[in-house]
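Residue-level structural notes
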Amino acid sequence: MQDVDNIVIGTGMGGLTTALLLLRAGQSVMMFEQHYVPGGWAHSFLRDGYKFSPGVHFVGGLHEGGTGREVYEGIGVANDMEFFRQNPKGYDYNIVGDDHFRMPAGVDNLRNALSEKYPKSAKNIKRYLDFNQTVYDELFIAIADKTSIKDYLLLPWRTRHIGRTGLMKFDTIAKFFLKDPVVRTHLSLQCGNYGLPPFLAPWPVHCIVSNHCIHGTSYPRGSGSGIVKAFTKNIKKLGGEIRTSTGVKRILLDEKSETKKAVGVELQNGEKYFAKRVISNADPNITYNKLLGPEHVSKKLIKKVNKTKYSAAALNLFMVVDMDLRKAGMDSGNVWYSEIPDLNKVYEAFTRKDILQDDVFPAMFITSPTLKDPVSYDGKYHTLELIVFCHYHTFEKFKDTAFGERNDEYDDFKRKIEQKMLRTLEKVLPGVSRCVKMIELGTPNTSEHYVKATEGNCYGPDKILSQVGPFTYKRKTEIEDLYMTGAATFAHGLIGAVESGVNTVATILGCEKKDLLVYNEGQELKLYEAEDDSQWPEHLKKKAEVKRRRGADKELETVEI
């Protein structure tokens, strides 16, 4: 007996996309999520009435013709979302020691701005950006559908630059083109978007990530939950069922079948549900080692699972401050701070066993949701999100601590980290420590608890050469009717996870990806300027006005740090 056509384990963006597209294909779907809200890394939470999103800080590719825009419109969720374009004059605000540079949207704008500020490097900057664009274009040619023998015969020539440099590290390419370490650092800081230092990062990975952002970045209205709600609304409208606070204990196999075949799931409460197909949005370690059991797959696969390296973990500091962030120099752009122009040394410091060794962190990502989503600003208090990488072993000794229970050693450790992060923030926003109204630290243990991230990782399997491209996990597993979706099967990030869901459904239905991105009911992604409300529609202006009116009388006590 089958309760549904498809069971999806986990409601990250890969799982939500998979569910929505299967529903659009006329199949029934039931989703199980162990967290109390859907979304995985894209979920949001409230503290003192202020919204934070641990995994959504920007979205790239939403410009006209951008891949992000095409995917959202093609899936059919664009009309249910609104985005604010981050400052096009500086969607990233880079601070390298005493050197400041704002990354403008657009390749030509970036080249001109860098060349004007660093005239001695102008020629090298142009060569690097031209090569970056060439390799990016060739990567799309390499994965595009081939329709003729001519396409196959010309492929080596059309992708010759990838053939020559595809196995190189980003550090090698950057140092070849960019001799000035400060210029090189400005064009390397986005390696924080995949969590690897330049000397370990594959060149194609950095090329894809930097080009994903190069036309500017945007932020969803309502933070990450704005995107999640767009998906869940359409899933429910089509009859899909989403059960939160419902963990899956194991994947059920048909014991009578000659071949191993997935037939359903058993929940943590003992209930069992059956389906024609099971799709896991959990990471490979959880899917194969915990939900399935290593005895049910080949030795080769379980060896790969156990050898998989996961990306860096992170410390996330969420804050409410009584400070005019615009007067302090911030805007809707994200701030990337590094105290030195050597990101390899910076990442080396992040992996130290004693995370409290130095007085400040060598680098930090700083962003303000209330500046990126100005409708959410109450006119009085701003929110801040700070991120620094760390190694999982820093918190491993606390992994058996029951989540939510008081642990004085853990609390004291977190407090010291908060203070160190604030001292680092002071280098960018002097005086901010005296303006804190709310502060909360998320650790790798937090990520393990809420999003079941193995070792508290941020981006799924590490984006090293042996784990990307053809070396990612297969969407169709060794187990009949068991599929995977999510970052491990394609790419990380919001758009990467969504595309993983598209790819998984294409595999299930036996069609091409392009056949799924054809939702044509007047979909048009709405993108407004975060720095200019003159073009906002009336409903956004009214919401912003109501928010400020309600916030006028709000008073929060200052937190002693």
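To be clear, the structure that these remarks concern was listed above.
Cut-offs applied
Residues numbered from 1 in each chain as written. Predicted model: local features only at pLDDT ≥ 70, side-chain atom pairs only at ≥ 80, totals over all residues. Heavy atoms only, no water. Helix = DSSP H or I, 4+ residues; strand = E, 2+ residues; numbered from the N terminus. Buried < 20%, exposed > 50% of the residue type's maximum accessible area, 1.4 Å probe, protein only. Contact = heavy atoms within 4.5 Å. Pairing = 2+ DSSP bridges. Axes fitted to C-alpha atoms, helices over the stretch in contact; angles between N-to-C directions. Patch = residues over 30% accessible without salt bridge, like charges linked within 9 Å, V, L, I, M, F, W, Y side chains within 5 Å. Areas by Shrake-Rupley, 256 points an atom, 1.4 Å probe, with all protein chains shown as cover. Salt bridge = Lys/Arg side-chain N within 4 Å of Asp/Glu carboxyl O. Expected span 1.5 Å × (residues − 1). Parallel < 35°, antiparallel > 145°, perpendicular 65-115°, else oblique. Left-handed = near helix turned anticlockwise from the far one by under 90°. Nonpolar A, V, L, I, M, F, W, Y, C, P; charged D, E, K, R; others polar. Phe/Tyr/Trp six-rings, centres within 6.5 Å; stacked < 30°, edge-to-face > 60°. Lys NZ or Arg CZ within 6 Å of the ring centre and 35° of its normal.

**Re the environment of Leu-16**
Relative to the assigned elements, Leu-16 resides in helix α1 (residues 13-24). Here Leu-16 falls in the buried class, since its relative accessible area comes to 0%. Between the C-alpha atoms of Leu-16 and Val-498, which are 482 residues apart in sequence, the distance is 8.0 Å. Setting aside its immediate chain neighbours within four residues, Leu-16 contacts Thr-11, Met-31, Gly-39, Val-228, Phe-231, Thr-232 and Ile-235.

**As for the sheet that holds strand β14 (residues 313-321)**
Overall, mixed pairing links the seven strands, which are arranged β8-β7-β15-β16-β17-β14-β18 in an open sheet. The two strands at the open ends of the sheet, each matched to only one other strand, are β8 (99-103) and β18 (436-442). The sheet shows a mean angle of 15 degrees between the axes of neighbouring strands, direction not considered. Inspection of the sheet shows strand β7 (residues 92-96) paired to strand β15 (residues 334-338) by five bridges, in the parallel sense. Directly across from Asn-94, in β15, lies its bridge partner Trp-336.

**A look at a nonpolar patch on the surface**
On the surface, a nonpolar cluster with roughly 320 Å² of combined accessible area is contributed by Ile-149, Leu-153 and Leu-154. With respect to the secondary-structure elements, Leu-153 resides in helix α5 (residues 149-158).

**So, the sheet that holds strand β20 (residues 526-529)**
What links the strands of a sheet is backbone hydrogen bonding, and the strands pair in either a parallel or an antiparallel sense. The four strands are arranged β5-β9-β6-β20 in an open sheet whose pairing can be described as mixed. Strands at the two margins of the open sheet, each flanked by one partner only, are β5 (59-60) and β20. Two elements, strand β6 (residues 82-85) and strand β9 (residues 217-220), share three bridges in a ladder whose sense is antiparallel. Note that in β9 the partner of Phe-83 across the bridge is Pro-220.

**Structural notes on unusual backbone geometry**
Residue Asp-48 is not a glycine yet carries a positive backbone phi of 55 degrees. Note on placement: Asp-48 falls in the loop between β3 (45-47) and β4 (50-52). The class of Asp-48 is partly exposed, set by a relative accessible area of 47%. One non-glycine residue, Ser-245, lies in the positive phi region at around 50 degrees. In this fold, Ser-245 is placed in the loop between β10 (241-243) and β11 (248-253).

**Considering α1**
Residues three or four positions apart in an α-helix share a direction because the helix packs 3.6 residues into each turn. For α1, which comprises twelve residues, the first-to-last C-alpha distance of 16 Å matches the rise-based estimate of 16 Å (1.5 Å per residue) to within 8%. Across the twelve residues of α1, eleven count as buried, placing the element largely inside the fold. Here α1 has its buried residues at Met-13, Gly-14, Gly-15, Leu-16, Thr-17, Thr-18, Ala-19, Leu-20, Leu-21, Leu-22 and Leu-23. With its phi angle positive at about 90 degrees, Gly-26 sits one or two positions after the end of α1.

**Points about the packing of helix α11 (residues 284-292) against helix α12 (residues 299-307)**
At a minimum axis separation of 9 Å, α11 and α12 run at an interaxial angle of 130 degrees. It follows that α11 is oblique to α12 by the angle criterion. Crossing hand, α11 versus α12: left-handed. From α11, Pro-284, Asn-285, Tyr-288 and Asn-289 reach across to α12, where they touch Leu-301, Ile-302, Val-305 and Asn-306. Considered class by class, the residues forming the contact of α11 with α12 number five nonpolar, three polar and no charged.

**What to know about the packing of aromatic side chains**
Counted by the stated rule, this structure contains 26 aromatic pairs. Both rings, one in Phe-45 and one in Phe-318, keep their centres 5.0 Å apart while their planes meet at 90 degrees; by these two values the pair is edge-to-face. Of this pair, Phe-45 sits in strand β3 while Phe-318 sits in strand β14, and the two are 273 residues apart along the sequence. In this structure Phe-45 comes out as buried when scored by relative accessible area, which is 12%. The class for Phe-318 is buried, based on a relative accessible area of 6%. Three or more aromatic residues joined by ring pairs form one cluster here, namely Tyr-128, Phe-131, Phe-170, Phe-176, Phe-177 and Trp-203. The positively charged end of Lys-420 is found above the aromatic ring belonging to Phe-361, 4.3 Å away from the centroid.

So yeah, pure geometry; function would need other evidence.
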